[in-house]
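Each chain, letter by letter, is given below.
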2 protein chains.
Amino acid sequence: MAKLRMALVGLGQIARHEHLPVLAQSDVLELVAIASPDATHPSIPIYPTLGELLAARDDIEAVTICTPPQGRHPIARQAIEAGCHVMLEKPPGATLSEVHDLGVAAEARGVTLFASWHTRGAPAIEPAREWLATRKVRSARIIWREDVRRWHPGQEWLWHPGGLGVFDPGINGLSAATRILPQPIFLEKSELFYPSNRNAPIAARLQLRDGAGAEILADFDLRETGQQVWDVMVETDDGLLHFTGGGGGLTIAGRPVIDGAGELEGEYEALYQHFGRLIRSSASDVDLAPLRLVADAFLLADRKMVEPFIE
Amino acid sequence: MAKLRMALVGLGQIARHEHLPVLAQSDVLELVAIASPDATHPSIPIYPTLGELLAARDDIEAVTICTPPQGRHPIARQAIEAGCHVMLEKPPGATLSEVHDLGVAAEARGVTLFASWHTRGAPAIEPAREWLATRKVRSARIIWREDVRRWHPGQEWLWHPGGLGVFDPGINGLSAATRILPQPIFLEKSELFYPSNRNAPIAARLQLRDGAGAEILADFDLRETGQQVWDVMVETDDGLLHFTGGGGGLTIAGRPVIDGAGELEGEYEALYQHFGRLIRSSASDVDLAPLRLVADAFLLADRKMVEPFIE
């Protein structure tokens, strides 16, 4: 089968570190063009915008969009209207309603839309989901604590409206929890901590619950300069499931299932394999549960002011 | 056909002014019990909580929930689990995810769930929707401006997390617009104005768009002491549609269709007729588009501080 010819929009950190290496190895997709202002690449042609890219060539079958969430909707809409299959980096948009609009547009145009959540490609996801499927959950904790200066240097968009602040990483924890837990979860209480000089939260404490009544707590913080934590802990009637390092490691009832000592591997390979399968089966995958919980956290927020954040 | 025997939870302003008079006249439903702490009624038995009501009697087939949105989920869940059909006052909950959970629970239990939007019962809704269905929309404005001291005296819950502030009335405008406009709409920009002593916005300016590209502006304000406005104006290729007084009046291309001079009539009759039809056809009606747009407005908010609000 010929590889699908694809373009990438937005050559920032995530595209360079994750998408380019995976696409260079892919036997499903071939990256043939990039749209990004002021970027360079040794071998792939670069266009300043997706509009110019699509005007210059008619061979593009699929597009991955890696620009920040604000302003992503018109780009995705343009790709869909040009008849391209579209994969969205996480979060899939700045609002639920704009992603809903993309879903309607993709269906009308007969193309695949994949709202990807990279943490769902992590190696611990499937074994955790399978094990939990037959257990009774008593409680869970989603802990995502990292140093914003280390992981998001100079990413000013994070603090602008639509940038989500602490939820930009925290939504990865929610994307993991909503996949591995056997019941849908809903929000009951939200405390958001805003630096006095910023328009987005730097930390969040959420109280959630699942349909069977189990309490789930989320603790997200961008100010963690000690041990960096990207963990989900699920207490069950059969022992503790511990999802660690963003899904690079997994321990179940004291038994190590996946050794999380090394680098997190295979996330984006899994995403692109899934994207290829969706295209071949003319399907879409737009699960908005993680973004819905984040929107709920803002909707229900008890906002607290904390000390200013200066990078 | 025997009337459905129903209970009402939360005997506050909206229940006394709207639900009781309509239920007293209904030939579909009969109000036989009320759950509300510290309330009295001349002829209908009152119980302090829904739990005590359900423990005391086994004849309740349907429940309407009129308590404030915060804390409504466990009440609705209890009614569903007791096998009752449930109608929710607007907004249907404090978060999207909790209403989603109620939808899952209602389907599992085989009962009707109706997330009502009273403005959708207004007389102008159906003629506006029918006329717009065959027109091209150029732009629209949703203007909901009222005096909070006049319409929400002492309603402190409005200002607490989950109370929605200006969106408590503004969501009515969104429920009208999402029903009468021929295309789904999505949010592009949100400015929320917070009194410096409150944790909820007193005013909002939203920029939205429909799937065909038409720009839609929303202007919501709780500080309007002059002319009170609850209007939707839709500019089309065939003239202006003007939905006035929360749907009590309608003018199309200069021609008066519904005279909005009197009281807004028939909203709750229409809701209860719809609830009865849903129950008889074993269906549910949970359209979360208005609450999703409000959640999006909080998610994407550019928050501005304004002068303190003291009632």
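On a predicted model such as this, the values are computed, not experimentally measured, just so you know.

### Points about the environment of Arg77(A)
Part 1 of the argument: Note that Arg77(A) resides in helix α3 (residues 72-81).
Part 2 of the argument: Along the sequence, Arg77(A) and Gly247(A) sit 170 residues apart, while their C-alpha atoms lie 32 Å from each other.
Part 3 of the argument: Leaving out residues up to four positions away in the same chain, Arg77(A) has contacts with Asp101(A), Leu102(A), Ala105(A) and Gly211(B).

### Some points on the interface of chain B and chain A
Part 1 of the argument: Contacts between the two partners involve 32 residues from chain B and, on the opposite side, 32 residues from chain A.
Part 2 of the argument: Here chain B packs against chain A, burying approximately 2900 Å² in sum over the two surfaces, 58% of which is carbon and sulfur.
Part 3 of the argument: Among the residues chain B hides against chain A, the three largest losses belong to Phe186(B), Leu299(B) and Arg303(B). Together they make up 24% of the total.
Part 4 of the argument: Linking chain B with chain A are zero salt bridges.
Part 5 of the argument: For the pair chain B and chain A, the number of links is 12 residue pairs in polar contact (both at pLDDT 80 or more).
Part 6 of the argument: Looking at the side of chain B that touches chain A, the elements with two or more residues in it are α3 (72-81), α4 (96-109), β8 (185-195), α9 (289-299) and β15 (302-306) of chain B.

### A closer look at empty space enclosed by the protein
Part 1 of the argument: A complete count under the given rule lists two cavities of 30 Å³ or more for this structure.
Part 2 of the argument: A volume near 170 Å³ is recorded for the largest cavity.
Part 3 of the argument: Residue lining of the largest cavity: 26 residues in total, with Tyr194(A), Phe298(A), Tyr194(B), Phe298(B) and Arg303(B) positioned closest to the centre.
Part 4 of the argument: At the level of elements, β8 (185-195) and α9 (289-299) of chain A together with α9 of chain B are the ones that each hand at least two residues to the lining of the largest cavity.
Part 5 of the argument: Its residues assigned to classes, the lining of the largest cavity shows 16 nonpolar, eight polar and two charged.
Part 6 of the argument: Of the pockets and cavities examined, the second largest cavity occupies roughly 30 Å³.
Part 7 of the argument: If you trace the second largest cavity, you find it lined by Val148(A), His152(A), Gln155(A), Leu158(A), Trp159(A), Phe309(A) and Glu311(A).

### Some words on the packing of aromatic side chains
Part 1 of the argument: On inspection of all chains with the given rule, the structure shows 10 aromatic pairs over all chains.
Part 2 of the argument: The interplanar angle of 80 degrees and the centroid separation of 5.4 Å between the aromatic rings of Trp151(B) and Trp230(B) together place this pair among those described as edge-to-face. Here Trp230(B) lies in strand β11 (residues 229-236) and Trp151(B) lies in helix α6 (residues 148-151), a separation of 79 residues in the sequence.
Part 3 of the argument: Taking relative accessible area as the criterion, Trp151(B) reaches 33% and is therefore assigned partly exposed.
Part 4 of the argument: Taken together through their ring pairs, the aromatic side chains of Phe167(A), Phe220(A) and Phe298(A) make up a single cluster.
Part 5 of the argument: If you follow Arg303(A) out to its NZ or CZ, it ends over the ring of Tyr194(B), 4.0 Å from the centre.

### Structural notes on the pattern of salt bridges
All names here are of chain B.
Part 1 of the argument: Tallied over the full model, the rule gives 36 salt bridges over all chains.
Part 2 of the argument: Notably, a salt bridge pairs Asp59 with Arg57, separated by 3.0 Å at the nearest N-O pair.
Part 3 of the argument: The closest approach of N and O atoms between Glu224 and Arg145, which form a salt bridge, is 2.8 Å. Residue Glu224 is located in the loop between β10 (215-221) and β11, and its partner Arg145 is located in strand β7 (residues 137-145); the two are separated by 79 residues in the primary sequence. Comparing Glu224 with Arg145 shows no difference in burial state: the two are buried.

### So, unusual backbone geometry
Part 1 of the argument: Lys90(A) connects to Pro91(A) through a cis peptide bond whose omega is -15 degrees.
Part 2 of the argument: Mapped onto the elements of the fold, Pro91(A) is located in the loop between β5 (85-88) and α4 (96-109).
Part 3 of the argument: You will see that Ser282(B), though not glycine, has its phi angle at about 50 degrees, which is positive.
Part 4 of the argument: When you line up the elements, Ser282(B) lands in the loop between α8 (267-280) and α9.
Part 5 of the argument: What makes Ser282(B) exposed here is its relative accessible area of 68%.

### What about the side chain of Glu146(A)?
All names here are of chain A.
Part 1 of the argument: Turning to its location among the elements, Glu146 is positioned in the loop between β7 (137-145) and α6 (148-151).
Part 2 of the argument: The side chain of Glu146 sits in the buried core without any salt bridge; Lys90 is the nearest counter-charge, 8.3 Å away.
Part 3 of the argument: At 3.0 Å, the side chain of Glu146 forms a polar contact with the side chain of His152.
Part 4 of the argument: Contacts of Glu146, omitting those with residues within four sequence positions, involve Trp151, His152, Pro169, Asp221, Leu222, Arg223, Glu224, Gln228 and Trp230.

### A closer look at the sheet that holds strand β13 (residues 249-252) of chain A
Residue and element names in this part refer to chain A.
Part 1 of the argument: Taken in spatial order, the nine strands make up an open sheet running β14-β13-β12-β11-β7-β10-β9-β8-β15, and their pairing is mixed. Each end of this open sheet is capped by a strand with a single partner; those strands are β14 (255-258) and β15 (302-306). Looking at each pair of strands side by side, their axes are set apart by 15 degrees on average, direction ignored.
Part 2 of the argument: Here three bridges tie β13 to β14, and the two strands are oriented antiparallel to one another. Its bridge partner lying in β14, Thr251 is registered against Pro256.
Part 3 of the argument: Across the sheet, helix α5 (residues 125-132) touches β11 (229-236), β12 (239-244), β13 and β14, and the angle it forms with β12 is around 160 degrees.

Conventions used here
Residues numbered from 1 in each chain as written. Chains lettered and ligands numbered in written order. Predicted model: local features only at pLDDT ≥ 70, side-chain atom pairs only at ≥ 80, totals over all residues. Heavy atoms only, no water. Helix = DSSP H or I, 4+ residues; strand = E, 2+ residues; numbered from the N terminus. Contact = heavy atoms within 4.5 Å. Buried area = accessible area lost by both parts, 1.4 Å probe. Salt bridge = Lys/Arg side-chain N within 4 Å of Asp/Glu carboxyl O. Polar contact = N/O pair within 3.5 Å; in protein donor to acceptor, adjacent residues only side chain to side chain. 1 Å grid on protein atoms, 1.4 Å probe; cavity = no way out; pocket = protein on both sides within 12 Å on 5 of 7 lines; lining within 4 Å. Points joined across faces, edges and corners; volume = space filled by probe spheres on them. Nonpolar A, V, L, I, M, F, W, Y, C, P; charged D, E, K, R; others polar. Phe/Tyr/Trp six-rings, centres within 6.5 Å; stacked < 30°, edge-to-face > 60°. Buried < 20%, exposed > 50% of the residue type's maximum accessible area, 1.4 Å probe, protein only. Lys NZ or Arg CZ within 6 Å of the ring centre and 35° of its normal. Lys, Arg positive; Asp, Glu negative; His and termini not counted. Pairing = 2+ DSSP bridges. Axes fitted to C-alpha atoms, helices over the stretch in contact; angles between N-to-C directions.

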